[in-house]
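Examination of the molecular architecture
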Amino acid sequence: MTRPRGDLPFGPPAHSALNLRLALALFGFVVAGGAAVAAFVLGRVLPGVVLAAVAVVALGNAAWVQYRRRQRRRAEHGKRHSLFE
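Residues numbered from 1 in each chain as written. Predicted model: local features only at pLDDT ≥ 70, side-chain atom pairs only at ≥ 80, totals over all residues. Heavy atoms only, no water.

1. Some thoughts on the UniProt feature "transmembrane region" (unreviewed entry) in the chain
The condition that has to hold: UniProt positions are given in the numbering used here, feature names are shortened, and annotations may be inferred rather than shown by experiment. In this description a helix means any DSSP run of H or I spanning at least four residues, a strand means any run of E spanning at least two, and both kinds are numbered starting from the N terminus.
Here, the residues flagged by UniProt with the feature "transmembrane region" (unreviewed entry) are residues 20-42 and 48-67. For residues 20-42, the helix share is 96%, the strand share is 0%, and the end-to-end C-alpha distance is 33 Å. Along residues 48-67 the backbone is 100% helical and 0% strand, and the end-to-end C-alpha distance reaches 29 Å.

Take a look at the structure:
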């Protein structure tokens, strides 16, 4: 027996929790950035550089997630989502 197209056995496909991803990326940026500053103040250059790189990656991730959120809002004609949707 075959299922009709679009009929999934466990319900509709899950959506990415973009708002939650944005919050976590910004949290990572703040924590890694603060730790990088603290490492540089304490004279630890290598950990400071590594943490600064992590902060830059987190900021880039936040920018990408924001871009995806805008795409989703345009596709759904301005519908807003809660933090965990």
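2. Comments concerning the nonpolar core
Put simply, the rule is: For this analysis, a nonpolar core means a set of buried residues of the types Ala, Val, Leu, Ile, Met, Phe, Trp, Tyr and Cys, connected via side-chain atoms within 4.5 Å. Here's how the labels work: a residue is buried when its accessible area is under 20% of the maximum for its type, exposed when over 50%, partly exposed in between, all with a 1.4 Å probe on protein chains only. Note on definitions: a residue-residue contact is assigned when non-hydrogen atoms from the two residues lie within 4.5 Å.
Formed by L18, L22, A25, A62 and V65, the largest nonpolar core amounts to five residues. Those elements that place two or more of their residues in this core are α1 (18-41) and α2 (45-75). Ranked by residue count, the leading element in this core is α1, at three residues. With sequence-adjacent residues up to four places away left out, L22 is seen in contact with A62, V65, Q66 and R69.

3. Some details on a positive patch on the surface
Basically, it comes down to this: Residues with no salt bridge and a relative accessible area higher than 30% make up the patches, which join like charges within 9 Å and nonpolar side chains (Val, Leu, Ile, Met, Phe, Trp, Tyr) within 5 Å. Surface exposure here means Shrake-Rupley accessible area, sampled with a 1.4 Å probe, where a residue is shielded only by the protein chains that are shown. Salt bridges are defined as contacts in which a side-chain nitrogen from Lys or Arg sits within 4 Å of a carboxyl oxygen from Asp or Glu. Positive charges come from Lys and Arg alone, negative charges from Asp and Glu alone, with His and the N- and C-terminal ends not counted. For the purpose of locating charges, the reference atoms are NZ of Lys, CZ of Arg, CG of Asp and CD of Glu.
A surface patch of like charges, here positive, comprises R70, R73, R74 and R80. With respect to the helices and strands, R74 occurs in helix α2.

4. Looking at α1
Put simply, the rule is: A helix is expected to span 1.5 Å for every residue after the first.
Compared with the 34 Å implied by 1.5 Å per residue over 24 residues, the 34 Å span of α1 between its first and last C-alpha is a close match. For α1, every residue scored as buried is listed here: L18, N19, L22, A25, A32, A36 and A39. On the buried face of α1, the contacting elements are α2. G43 lies just past α1 and shows a positive phi near 85°.

5. Notes on a nonpolar patch on the surface
Taken together, the side chains of F29, V30 and L59 define a hydrophobic patch exposed on the protein surface, amounting to about 260 Å² of accessible area. Position of V30 among the secondary structure elements: in helix α1.

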